[in-house]
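Structural characterization, general
Chain by chain, the residues run as shown.
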Amino acid sequence: MAYTFQVTIDSADPHTLADWWADALGWEVEPSDEAFIRRMVDEGHASEDDTTTHHGTLVWKVGAAIRHPEGLERAPRVLFQLVPEPKTVKNRVHLDVRAGSDDPRTVVERLIAKGATHLHEGRQGPYTWTTLADPEGNELCVSQ
């Protein structure tokens, strides 16, 4: 049996990082179901401390997710989950962002303007890429 998966990224500020990645990839932040959250709090399954407000919307404090605009059949969901500790070492897993028909340099410049940090350039044979860090220090590569 084959399994499905989602990619989970630890974060100090999941909603802000989900916004950044949704913009970086041209994806969508999953909408919050405020009625469901209020019902869970009202029924005692959660507390007000489990929630926060992001861009004027009631959300779960512990996480936010993004998905490809064509749905989960097109690409796995990416979940950003709240963790108490900061990032301390290099990621062992990272996302490779393929620019497709867009110029990778333009994509890199746009991401840097939105808070990414340039780490280094890479090359293997005819393939080149740029390694960046997102606003929380998680590595990503941009290539053709």
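Residues numbered from 1 in each chain as written. Predicted model: local features only at pLDDT ≥ 70, side-chain atom pairs only at ≥ 80, totals over all residues. Heavy atoms only, no water.

**Notes on the environment of T4**
Rules: Under the DSSP-based scheme used, a helix requires at least four consecutive residues in state H or I and a strand at least two consecutive residues in state E, with every element numbered from the N terminus. Summary of the burial criterion: residues with accessible area below 20% of their type's maximum are buried, those above 50% are exposed, and those between are partly exposed, where the area comes from a 1.4 Å probe applied to protein chains only.
Tracing the backbone shows T4 in the segment before β1 (7–11). Of the residues examined, T4 reaches a relative accessible area of 76% and is grouped as exposed. Spatially, the C-alpha atoms of T4 and P76 are 7.9 Å apart, while their sequence positions differ by 72 residues.

**What to know about helix α2 (residues 34–42)**
The cut-off we apply is this: In this context, the arc is that of the directions from the helix axis out to the C-beta atoms. In what follows, residue pairs with any heavy atoms lying within 4.5 Å of each other are defined as contacts.
For α2, the complete set of buried residues consists of I37, M40 and V41. Looking straight down α2, one finds its buried side chains confined to an arc of 100°; they lie on one side. More than 90 degrees from the buried face of α2, the exposed residues found are A35 and D42. Considering only its buried residues, α2 is in contact with β3 (51–54) and β4 (57–60).

**Details of the sheet that holds β1**
Applicable threshold: At least two DSSP bridges between two strands are required for those strands to pair. Lines are fitted to the C-alpha atoms to define the axes, a helix being fitted only along its stretch in contact, and any angle between axes, read from their N-to-C directions, falls within 0 to 180 degrees.
What the four strands build is an open sheet, ordered β1-β6-β5-β2; its pairing is mixed. Looking at which strands have only one partner, the edges of the open sheet turn out to be β1 and β2 (28–29). Strand direction decides the pairing type here: strand β5 (residues 63–67) and strand β6 (residues 78–82), joined by four bridges, are antiparallel. Considered in β6, the bridge of I66 is made with V78. Contacts between helix α1 (residues 14–25) and the sheet are confined to β1, β2, β5 and β6, with β5 contributing the most and set at about 10° to the helix.

**Structural notes on the sheet that holds strand β9 (residues 127–133)**
The four strands lie next to each other as β7-β10-β9-β8, forming an open sheet whose pairing is mixed. At either end of the open sheet lies a strand with only one pairing partner, and these are β7 (95–98) and β8 (117–124). Mean inter-strand twist for the sheet, computed between neighbouring axes without regard to direction, equals 25°. Where β9 meets strand β10 (residues 139–143), five bridges bridge the pair, whose relative direction is antiparallel. Looking at β10, one finds that W129 is bridged to S143.

**Points about the packing of aromatic side chains**
Aromatic rings considered in pairs are described by the distance between their centres and by the relative angle of their planes. Rules: Note on aromatic pairs: the rings of Phe, Tyr and Trp (six-membered ring only in Trp) are paired at centre separations within 6.5 Å, and the planes decide the class, stacked below 30 degrees, edge-to-face beyond 60, tilted for the rest.
For the coordinates displayed, the defined rule picks out two aromatic pairs. Both rings, one in W20 and one in W21, keep their centres 5.3 Å apart while their planes meet at 80°; by these two values the pair is edge-to-face. For W21, a relative accessible area of 2% corresponds to the buried category. For the pair F36 and W60, a centre-to-centre distance of 6.5 Å together with 75° between the ring planes defines the contact as edge-to-face. With F36 in helix α2 and W60 in strand β4, the pair connects residues that are 24 residues apart, well separated along the chain.

**Some points on α1**
What counts is decided by this rule: Helix span is expected to be 1.5 Å times the residue number reduced by one.
Across its twelve residues, α1 extends 16 Å between first and last C-alpha, which sits within 8% of the 16 Å expected from 1.5 Å per residue. For α1, the full list of buried residues reads P14, H15, L17, A18, W20, W21, A22 and A24. Backbone geometry just after α1 places G26 at a positive phi near 75°.

**Overview of the pattern of salt bridges**
The condition is simple: Should a side-chain nitrogen of Lys or Arg be within 4 Å of a carboxyl oxygen of Asp or Glu, the pair is scored as a salt bridge.
A complete count under the given rule lists nine salt bridges for this structure. Among the ionic pairs, R38 bridges to E34, the shortest N-O distance being 3.2 Å. In this pair, R38 and E34 both sit in helix α2, four residues apart, roughly one turn of the helix. Among the ionic pairs, R39 bridges to E43, the shortest N-O distance being 3.9 Å. Residue R39 is classed as partly exposed on the basis of its relative accessible area, which comes to 41%. The exposure class of E43 is partly exposed, given its relative accessible area of 47%. Salt bridges here are not isolated pairs; linked through shared partners, they connect D23, R110 and K114.

No statement about biological role is implied by the geometric values presented.
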